[in-house]
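Reading the structure
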Amino acid sequence: MLDLQNKRKYLKSAESFKASLRDDRTVIYQGQVVEDVTTHFSTAGGISQVAEIYEEQFSGEHDDILTYVRPDGYLASSAYMPPRNKEDLALRRRAITYVSQKTWGTHCRNLDMIASFTVGMMGYRPTFRKKCPEYAENITEYHDYAERNSLYLSEAIVDPQGYRARTHGTDLNLPPPDRAVMRINKQNAEGIWISGVKGVGTVAPQSNEIFVGSLFPAAPNESFWAYVPADAPGVKIFCREIVSQPHASAYDHPLISKGEEAEAMVVFDNVFIPRWRIMAANVPELANAGFFSLWTSYSHWYTLVRLETKADLYAGLAKVIMEVLGLEGIPVVRQRVSEIVQLAEILKGMCIASIETAEMSEGDILLPGPNALAAGRVFAMEKLPRVLHLLRELCGQGLILRFNEKDLATDAAFGQKFSWFLDTQSVGAREKNLLMNLVWDVAASEHSTRALVFEEQHALSEPLLRDNLVLDYDYRESTSLIRRMVGLNAK
Ligand SMILES: Cc1cc2nc3c(=O)[nH]c(=O)nc-3n(C[C@H](O)[C@H](O)[C@H](O)COP(=O)(O)OP(=O)(O)OC[C@H]3O[C@@H](n4cnc5c(N)ncnc54)[C@H](O)[C@@H]3O)c2cc1C
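Residues numbered from 1 in each chain as written. Predicted model: local features only at pLDDT ≥ 70, side-chain atom pairs only at ≥ 80, totals over all residues. Heavy atoms only, no water.

A short note on the layout of surface pockets
Empty space left among the atoms is revealed by rolling a probe the size of a water molecule over them. The condition is simple: Only protein atoms enter the 1 Å grid used here, on which a cavity is any set of points holding a 1.4 Å probe that cannot leave and a pocket is any open set flanked by protein within 12 Å on both sides along at least five of seven lines; residues with an atom within 4 Å of a point are listed as lining. Grid points are joined across faces, edges and corners, and a volume is the space filled by probe spheres set on the points. Helix and strand assignments follow DSSP, with helices taken as H or I runs no shorter than four residues and strands as E runs no shorter than two, numbered in order from the N terminus. Three categories are distinguished: nonpolar for Ala, Val, Leu, Ile, Met, Phe, Trp, Tyr, Cys and Pro, charged for Asp, Glu, Lys and Arg, and polar for the others, with Gly belonging to the last. Domain delimitation in this document rests on an assignment produced automatically or drawn from a domain database.
Its boundaries defined by the atoms lining it, the largest pocket holds a volume of some 1,200 Å³. Looking at the largest pocket, it is lined by 36 residues, and the ones nearest its centre are Val-158, Asp-159, Val-200, Gln-457 and His-458. At the level of secondary structure, the elements contributing two or more residues to the lining of the largest pocket comprise strand S10 (235-239), strand S11 (264-274), helix H8 (289-295), helix H14 (446-457) and helix H15 (462-472). Looking at the lining of the largest pocket, the element that brings in the most residues is H14, giving five residues. In terms of residue class, the lining of the largest pocket is built from 18 nonpolar, nine polar and nine charged. Both of domain 1 (9-284) and domain 2 (296-478) provide at least three residues apiece to the lining of the largest pocket. Roughly 520 Å³ of volume is contained in the second largest pocket. If you trace the second largest pocket, you find 25 residues lining it, with Leu-294, Gly-369, Pro-370, Asn-371 and Asp-472 closest to the centre.

Quick notes on the UniProt feature "domain: HpaB/PvcC/4-BUDH N-terminal" (unreviewed entry) in the chain
We count it as follows: UniProt positions are given in the numbering used here, feature names are shortened, and annotations may be inferred rather than shown by experiment.
In the numbering used here, UniProt assigns the "domain: HpaB/PvcC/4-BUDH N-terminal" (unreviewed entry) feature to residues 15-278. Secondary structure within residues 15-278 divides into 28% helix and 22% strand; the distance between the first and last C-alpha atoms comes to 29 Å.

Notes on the sheet that holds strand S6 (residues 183-188)
Quick note on the threshold: When DSSP finds two or more bridges between two strands, those strands count as paired.
With mixed pairing, six strands are arranged side by side in an open sheet as S2-S1-S10-S11-S7-S6. Where the open sheet ends on each side, the last strands, each with one partner, are strand S2 (32-33) and S6. Here S10 pairs with S11 via five bridges, running antiparallel. Considered in S11, the bridge of Phe-238 is made with Met-265.

Quick look at the site of the ligand
Heads up, the rule is: Any residue with at least one heavy atom within 4 Å of a molecule or strand is counted as near it. Residues adjacent in sequence count toward polar contacts only when both atoms are side-chain atoms; beyond that, a polar contact is any pair of N or O atoms within 3.5 Å, and within protein one must be able to donate a hydrogen and the other to accept it. Only the protein chains shown count as cover for residues, and all accessible areas are computed by the Shrake-Rupley method using a 1.4 Å probe.
Around the ligand, the structure places 17 residues, and the nearest of them are Arg-109, Ile-157, Gln-161, Arg-166 and Thr-202. Interatomic distance of 2.9 Å between a side-chain N/O atom of Arg-109 and an oxygen atom of the ligand. Between the ligand and Gln-161 there is a distance of 2.8 Å, counted from an oxygen atom to a side-chain nitrogen or oxygen. Compared with its free state, where it exposes 940 Å², the ligand has 60% of that area covered by protein.

Things to note about the sheet that holds strand S9 (residues 224-229)
So the rule is basically this: To get an axis, a line is fitted to the C-alpha atoms, and for a helix only the part in contact is used. The angle between two axes follows their N-to-C directions and goes from 0 to 180 degrees. We call two residues in contact when some of their heavy atoms are within 4.5 Å.
Taken together, four strands build an open sheet; the order of strands is S5-S8-S9-S12 and the sheet is mixed. With partners counted over all chains shown, the strands left at the sheet margins are strand S5 (153-156) and strand S12 (278-281), one partner each. Pairwise comparison of adjacent strand axes, ignoring direction, gives a mean angle of 25° for this sheet. Along the sheet, helix H7 (residues 133-148) contacts S5, strand S8 (209-213), S9 and S12; its crossing angle with S12, the most-contacted strand, is approximately 155°.

Concerning the pairing of S6
Two strands pair when backbone bridges link them, and S6 and strand S7 (residues 191-198) are joined in this way by five bridges, in the antiparallel orientation. Note on S7: the bridge partner recorded for Lys-186 is Trp-193. What sits between the antiparallel neighbours S6 and S7 is a turn of two residues.

Re the packing of helix H5 (residues 115-123) against H7
The test is simple: Roughly parallel means an angle under 35 degrees; roughly antiparallel, over 145; roughly perpendicular, 65 to 115; everything else is oblique. Take the far helix as your reference; a near helix turned counterclockwise from it by less than a right angle gives a left-handed crossing, and one turned clockwise gives a right-handed crossing.
Running from N to C, H5 and H7 cross one another at 150°; their axes reach a closest spacing of 9 Å. One element, H5, and the other, H7, form an angle in the roughly antiparallel class. As for the relative orientation of H5 and H7, their crossing is left-handed in sense. For the pair H5 and H7, the contacting residues are Thr-118, Val-119, Met-121 and Met-122 in the first and Ile-139, Thr-140, Tyr-142 and His-143 in the second. Looking at side-chain class alone, the contact of H5 with H7 contains five nonpolar, three polar and no charged residues.

And the structure:
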């Protein structure tokens, strides 16, 4: 029976989320073992940002978008909600927007990203069941488990660039370590044991569990999809150098002083995965890029909505810059800003279109229309570098000539402080400088480059999206019209 007093029992507070990360994980930063990811400077800030969302879910602050009622009556994170109708997708769009706004969309794998893998996989469970019946029931059971434990998930799929560990790198018949591709070493009725290294796991050191497997596995023993706790024996997580400024003040770096989501390479050395954590194994067909892009389309939609949020914020930022620097009356400047607004409008349109054209999947999950989704993402990939350039350009000298508050308070000329010379007509020097600090963080810092590289490189690269667009577009009406118009008959 539903325990009404404890309706939120599946949700985590910020503190219980942080406590869940203080486990036996092995995380390494620049050769040093990180004792506690919730306090280490490389990972703590990003974790606190995610914890903030956990707290809001837990406290019920935004129950209308951040949580939903499970079939058993308890509340869960809406990130795990299987969308069944357009209202569900609209709710998710609002939730993703709300969460993304907090980090300017730079937490590309926020708590609602890889959660959507568990939902997307349910959308194609019939195919999983057909091709790999042994594990298919685990798909719904794991979703339920992850939802009830409000897990923060990451994924590590792409191979590292070292040739031995890449699926196409070495002869299939070479034994490890000469062929070091991720593989199943041993399997029995209890589960599988895997070894190998994965190239990138965004937020792996900051998450509870890691979704692992390979694309294009060349052999059955190199093929599986499974979830592994980040602290499982044999897992080692090597973090990249940080790009945020966790020790800076919020004035000097309004965005990047808050920390970042961390990428890492993840090592699996004979890691045991019990059966219930395995979604598929020994079936390479279930890991080809075509099928992968189908069942992860719901996650790619998350990315589209996050990009929509980013573009909207960029348009707003451009407007504020024009106001502060007194540029609004200059037509050429407005022409430049129009490009940013265009991106925002087009992504908004693509999000709406993707919901309007959503289709029920074979596993009864309503998935956003793939073509609007792909078109929106490709357009964003093309435009983002240009938009960041425009934001930088709009700022002129202000972007580079930014100063500490102590500098502004120092005596300069005419008996005035340094700040006297930086006041604009609409805001004081301190505020103008603060705005420029924000633009620096958003569009010019190392952190912003990392976020851009993420958009350009992470799963489902631009060439694949473009290919999908050409292959999936509905040409039927236009092609038959053209053929009829000119009498172009087939041979
Ligand atoms: C910031 C960031 C975060 C990421 N997060 C994750 C994550 O969480 N989990 C995960 O599994 N992966 C993640 N990735 C990995 C990402 O999916 C890959 O970087 C991407 O798929 C490209 O693969 P690669 O890096 O191995 O490039 P390579 O295969 O070495 O290729 C180098 C360049 O050549 C291009 N290229 C290579 N082959 C072709 C081809 N046949 N056709 C066209 N272009 C080609 C690539 O697009 C790339 O631009 C992340 C990457 C980055 C940069």
